[in-house]
Amino acid sequence: MFDPITPSTNANGQVDFTFDDKNVSAASGTTIAAALLAADQIWFRETPTSGQQRGPFCMMGACYDCLVQIDGVSVQACMTPVTEGLQVNRVPFSLPKEGKRS
Amino acid sequence: MSQPDSPDLIVIGAGPAGLAAASEAARYGASVLLLDEQPAPGGQIYRNVKDASEQQNAILGPDYTVGRTLAASVEDVGIDYRPGVTVWKVGTDGRVAFSQNGEAQQVQGQHIVLATGALERPVPLPGWTLPGVMTAGGAQILMKSGGLVARDAILVGSGPLLYLLASQMVAAGRPPKALVETQTDANFRSAMVHIKGALLGWQQLLKGLALIGKIRRADVRRYKAVTDINIIGTDKAEAVTFISNGRVHQLNASVVLLHQGVVPNTQISRSLGLEHRWDIKQRCFHPVTDEFGQSSAENISIAGDGAGISGAKAAEHAGRIAALNALKNLGLVDGATHNQQVIPLLKARTKETAIRPFLNTLYAPPTEVLCPTGKTIVCRCEEVTADDISNYAALGCKGPNQTKAFGRSGMGPCQGRFCGATVTEILSKETGLHPEKVGSYRIRAPLKPVTLGELAALTEPR
């Protein structure tokens, strides 16, 4: 789907994080959205209306289709940098109640 | 230089217009607070330009790397540059509320320059919400800041950015699988009326032809005058179907990139209740400004694509013009200096924008994109379809605001950014009213989601 422009990603080093408990490695300094696309992950959430799968669309913080959950809070994956050990989750169709309250 | 509690100028957006406005104002000793949502200066056009790798620069080309100088102006004395900031409220009293690192604050400015740029025009085609479908601009942002290029992508739509992106993908060794273009011979014939303006902008014209030449040499398949576009797939994009030359085509692809030009981002200007007009050529609303960027509120100026689409070079001139105008009004620049400085800038901007009528006509979006029908999703957030909007109109819905009550259209987190123009077009078709009469969504603060904690911790402007 997406290939790195620079074959080696050693410029700024690597960070490791998880996406729905799966390990993902990414170039340090990149956004969650770019890191996940590089790892062939294209859907990040299910819509609250019908459960449709959605992924990054605008990549500039305007469309809110790339929402993911970190510590139960929805954030824009295209606007949030990856950090070491970050636990990122897909936003499920039906949020657990504690997720809604936190 | 320490910043005063109340800066002379608050500039919102650090793209070409905002950077130029901030830098011009600082040159005359004004105190400037420059707020930007992105982590680095440059806007979307020069995104990540300070840190892009040599490979990226080679692929993206000189029209990208030229932005380095402007991006470096955030270092100018007098500019308090704040990246990673979400502006969520702007008041006509000059107050700006924003969040940075999860903390909200308010600042009061003497004058505000809105330089919030453009958004991709919504391209509501069947299947445009499927994962794997992105805006062309989004794919280009991935090249600029994510270091990624799409493989075997299909580019759908029309406009200069489509060719620019395609040629950059060729340079990256990942030529698109095909260009599925909507412009027709009729578009071309109509555009020829404006050829004089296009010839004034002959450098831009030559650049465009060079891009198309590059795409041709890479043997990228081009389909023209395309209609009836569908993106198909169950949980992700799998193929694009369309009609070209009377034949139905189907091309498989996992990445589909859409583009039909860009439109002004009017979220802040709308929230301020500033006067807006419907641009019949560009098919979108833009705030009303005078030639100096002055809006209908005396302490608010708008510069760059946010005031009407003119491109990066024109935006840079517009930023300087707006800053000079603001400084004159604040008494920081005298009338003679203002006039002397502003005249060459106005001339330069006129030259930059000469090609626009030609481009607007040549790449005018087709009706199926401007005014979709059937089950095509219009409001991505709330999954409201074109049929839904038409039905609301039949039930007596008078304007975009009422569609919210009828079916939550425009009430999701994007706050109408990707459906507003379409809802206006559909209601205009259904009611027979001019888009300006139909109007647009009323936009209210917070312009982006903020937490209760951020709101609660908010203090009065220092």
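Residues numbered from 1 in each chain as written. Chains lettered and ligands numbered in written order. Predicted model: local features only at pLDDT ≥ 70, side-chain atom pairs only at ≥ 80, totals over all residues. Heavy atoms only, no water.

J.: Quick question: what am I supposed to make of the packing of aromatic side chains here?
T.: Each aromatic ring pair is specified by the distance between its two centres and by the angle formed by the two planes. Overall, the coordinates contain seven aromatic pairs over all chains when judged by the stated rule. Summarising the aromatic geometry, the rings of A:Phe57 and B:Phe418 are spaced 5.6 Å apart at their centres and angled 80° between planes, so their arrangement reads as edge-to-face. Pair noted here: A:Phe57 is in the loop between strand 5 (53-54) and strand 6 (67-70) and B:Phe418 is in the loop between helix 16 (400-407) and helix 17 (420-431), and the two residues belong to different chains. Centroid distance B:Tyr163 to B:Tyr363: 6.1 Å. Interplanar angle 65°. Geometry classified as edge-to-face. A residue pair is termed long-range when its members are at least 10 positions apart, and B:Tyr163 in helix 6 (residues 160-171) and B:Tyr363 in the loop between helix 13 (356-362) and helix 14 (367-370) qualify at 200 residues. (Phe/Tyr/Trp six-rings, centres within 6.5 Å; stacked < 30°, edge-to-face > 60°. Helix = DSSP H or I, 4+ residues; strand = E, 2+ residues; numbered from the N terminus.)

J.: I would appreciate a short explanation of the interface of chain B and chain A in the present structure.
T.: As a measure of interface size, the accessible area lost when the parts come together is often cited. Every contact between the two is made by 44 residues of chain B and, on the other side, 31 residues of chain A. Between chain B and chain A, the buried area comes to about 3,400 Å², and carbon and sulfur atoms account for 60% of it. Here chain B and chain A share three salt bridges between them. The salt bridge partner of B:Arg151 is A:Asp3, with a shortest N-O separation of 2.4 Å. Taken together, chain B and chain A are joined by 13 residue pairs in polar contact (both at pLDDT 80 or more). Those elements that place two or more of their residues in the side of chain B that touches chain A are helix 2 (54-60), strand 8 (118-120), strand 9 (133-135), helix 5 (136-146) and strand 10 (148-150) of chain B. Looking at the side of chain B that touches chain A element by element, the count peaks at five residues for helix 5 of chain B. (Contact = heavy atoms within 4.5 Å. Buried area = accessible area lost by both parts, 1.4 Å probe. Salt bridge = Lys/Arg side-chain N within 4 Å of Asp/Glu carboxyl O. Polar contact = N/O pair within 3.5 Å; in protein donor to acceptor, adjacent residues only side chain to side chain.)

J.: In this structure, what is going on with unusual backbone geometry? I would like to understand it.
T.: Excluding glycine, a negative phi dihedral is what most residues carry, and trans is how most peptide bonds are arranged. Cis geometry is found at the peptide bond from B:Ala445 to B:Pro446, where omega equals -5°. Residues other than glycine seldom take positive phi values, yet A:Met59 does so here, at roughly 60°. By secondary structure assignment, the location of A:Met59 is in the loop between strand 5 and strand 6. Overall, A:Met59 belongs to the buried group, its relative accessible area being 3%. Phi is positive for B:Arg283, close to 50°, though the residue is something other than glycine. Within the secondary structure, B:Arg283 sits in the loop between strand 19 (276-279) and strand 20 (284-287). The class for B:Arg283 is partly exposed, based on a relative accessible area of 30%. (Buried < 20%, exposed > 50% of the residue type's maximum accessible area, 1.4 Å probe, protein only.)

J.: Explanation requested: the pattern of salt bridges in the structure shown.
T.: Charged atoms that come close allow side chains of opposite charge to pair. Overall, the coordinates contain 19 salt bridges over all chains when judged by the stated rule. One salt bridge connects A:Arg45 with A:Asp65, and the closest N-O pair in it is separated by 2.5 Å. In this pair, A:Arg45 is assigned in strand 4 (residues 45-46) and A:Asp65 in the loop between strand 5 and strand 6, connecting sequence segments 20 residues apart. Here A:Arg45 falls in the buried class, since its relative accessible area comes to 6%. Salt-bridge contacts for B:Glu75 lead to B:Lys50; the nearest nitrogen and oxygen are separated by 3.6 Å. Of this pair, B:Glu75 sits in the loop between helix 4 (67-72) and strand 3 (79-82) while B:Lys50 sits in the loop between strand 2 (32-35) and helix 2, and the two are 25 residues apart along the sequence. Classification of B:Glu75 as exposed rests on a relative accessible area of 58%. According to the relative accessible area criterion, B:Lys50 is partly exposed, its value standing at 41%. Overlapping salt bridges bring together A:Arg45, A:Arg54, A:Asp65 and B:Arg380 as one network.

J.: Can you walk me through the pairing of strand 16 (residues 247-252) of chain B in this structure?
T.: The side chains of a regular strand alternate between the sheet's two faces. Residues and elements named next belong to chain B. In terms of strand pairing, strand 15 (residues 239-244) meets strand 16 through six bridges, oriented antiparallel. Directly across from Val240, in strand 16, lies its bridge partner Leu251. The antiparallel pairing of strand 15 with strand 16 creates a hairpin that spans two residues between the two strands, and Asn245 there sits at a positive phi of about 55°. (Pairing = 2+ DSSP bridges.)

J.: What should I look at first to understand the packing of helix 6 of chain B against helix 9 (residues 202-217) of chain B in this one?
T.: Between two packed helices, what matters for the description is the angle formed by their axes and the separation of those axes. Residue and element names in this part refer to chain B. Packing of helix 6 against helix 9 leaves a shortest axis separation of 9 Å and a crossing angle of 45°. Here helix 6 lies oblique to helix 9, going by the angle between them. As helix 6 runs across helix 9, the sense of the crossing is left-handed. Facing Tyr163, Leu164, Ala166, Ser167 and Ala171 of helix 6, the residues of helix 9 in contact are Leu211, Ile212, Lys214 and Ile215. Of the residues that constitute the contact of helix 6 with helix 9, the class distribution is seven nonpolar, one polar and one charged. (Axes fitted to C-alpha atoms, helices over the stretch in contact; angles between N-to-C directions. Parallel < 35°, antiparallel > 145°, perpendicular 65-115°, else oblique. Left-handed = near helix turned anticlockwise from the far one by under 90°. Nonpolar A, V, L, I, M, F, W, Y, C, P; charged D, E, K, R; others polar.)

J.: Any chance you could explain the sheet that holds strand 4 (residues 85-90) of chain B here in plain terms?
T.: In any sheet, the strands associate via hydrogen bonds between backbone groups, in a parallel or an antiparallel arrangement. Residue and element names in this part refer to chain B. Pairing is antiparallel in the open sheet, where three strands are placed in the order 4-5-6. Strand pairing shows two members of the sheet lacking a second neighbour, strand 4 and strand 6 (103-108), which therefore form its edges. The sheet shows a mean angle of 25° between the axes of neighbouring strands, direction not considered. Two strands pair when backbone bridges link them, and strand 5 (residues 95-100) and strand 6 are joined in this way by six bridges, in the antiparallel orientation. Counted as the bridge partner of Ala97 is Gln106 from strand 6.

J.: Mind showing me how you'd approach the sheet that holds strand 8 (residues 87-89) of chain A here?
T.: Residue and element names in this part refer to chain A. With mixed pairing, the five strands of this open sheet are ordered in space as 3-2-8-6-7. What marks the edges here is a single partner per strand, and that holds for strand 3 (22-27) and strand 7 (73-76). Going from strand to strand, the sheet's axes swing by 40° on average, the running direction of each strand aside. Direction of pairing for strand 2 (residues 14-19) relative to strand 8: parallel, over a ladder of two bridges. Paired with Phe19 across the bridge in strand 8 is Val88.

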